[in-house]
Amino acid sequence: MMRGVANPWREYMDATREVARRAAAMDLLEITQKGKVVNPASFKGPIRLRRKRGGAPLDERSRRECASRWQRERDLEGARREEPKVDSAPASKRRKMEDEATPDDGG
């Protein structure tokens, strides 16, 4: 590998691993390390992917289903992470800001 050259493939690694996990759960692939099948939920480090012997057929429909499942779960996970924004200013400062924002009708 050349020094100073960016590795753009690294930004896709997490997504690739997640799709591999989904494909393994759908009985399409096996995830291996050092030639042995590993648990898709708990592997760490370098992996290899191979078609599962006697597994489900690897056709276009299966690939699309795997990718769409991953996308749906990713969207749901993102929606769960979004938290309502809470005003972190102290109450006295919030009251002051509200008073300044309220026009005085001179009454």
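Just so it is clear, the model here is predicted, and its values are computed rather than measured. (Residues numbered from 1 in each chain as written. Predicted model: local features only at pLDDT ≥ 70, side-chain atom pairs only at ≥ 80, totals over all residues. Heavy atoms only, no water.)

## Regarding the overall build of the chain
Counting its regular elements, the chain contains three helices and three strands. In the chain, the succession of α and β elements from N to C terminus is α-β-β-β-α-α. Within the chain, the fraction of its 107 residues that count as buried is 15%. (Helix = DSSP H or I, 4+ residues; strand = E, 2+ residues; numbered from the N terminus. Buried < 20%, exposed > 50% of the residue type's maximum accessible area, 1.4 Å probe, protein only.)

## Quick notes on the sheet that holds strand β2 (residues 36-37)
If you trace the three strands from one edge of the open sheet to the other, you get β2-β1-β3, paired in antiparallel fashion. Across the chains shown, the open sheet's two edge strands, defined by having one partner strand only, are β2 and β3 (48-51). In this structure, strand β1 (residues 29-33) lies alongside β3, joined through four bridges in antiparallel fashion. Across the sheet, the residue bridging to Ile-31 is Leu-49, located in β3. Helix α1 (residues 13-25) contacts β1 and β3 of the sheet and is inclined by roughly 120° relative to β1. (Pairing = 2+ DSSP bridges. Contact = heavy atoms within 4.5 Å. Axes fitted to C-alpha atoms, helices over the stretch in contact; angles between N-to-C directions.)

## Side note on the pattern of salt bridges
Here the idea is simple: oppositely charged side chains can pair when their charged atoms come close. Counted under the stated rule, the structure contains four salt bridges. A salt bridge links Glu-18 to Arg-22, with the shortest nitrogen-to-oxygen separation between them at 2.5 Å. Here the residue Glu-18 and the residue Arg-22 both occupy positions in helix α1, the gap between them amounting to four residues, near one helical turn. The partner of Arg-50 in a salt bridge is Glu-30, with the nearest N and O atoms 2.7 Å apart. Of this pair, Arg-50 sits in strand β3 while Glu-30 is found in strand β1, placing the two residues 20 residues apart along the sequence. By relative accessible area, which is 27% here, Arg-50 ends up partly exposed. Residue Glu-30 is classed as buried on the basis of its relative accessible area of 13%. (Salt bridge = Lys/Arg side-chain N within 4 Å of Asp/Glu carboxyl O.)

## A few points about the confidence of the model for the chain
Segments scoring low in pLDDT should not have their predicted coordinates read at a detailed level. In the predicted model, the chain carries a mean pLDDT of 76, and 67% of its residues have values of at least 70. Within the chain, β2 carries the highest mean pLDDT (94), whereas helix α3 (residues 91-101) carries the lowest (63). (pLDDT = per-residue confidence, 0-100.)

## Looking at the nonpolar core
Ala-20, Ala-23, Ala-24, Met-26, Leu-28, Leu-29, Ile-31, Val-38, Phe-43 and Cys-66 form the largest nonpolar core, which has 10 residues in total. Where this core is concerned, the elements lending two or more residues are α1 and β1. The element contributing the most residues to this core is α1, with three residues. Every residue in contact with Ala-20, bar those within four places of it in the chain, is listed here: Leu-29, Ile-31 and Leu-49. (Core = buried A, V, L, I, M, F, W, Y, C linked by side-chain atoms within 4.5 Å.)

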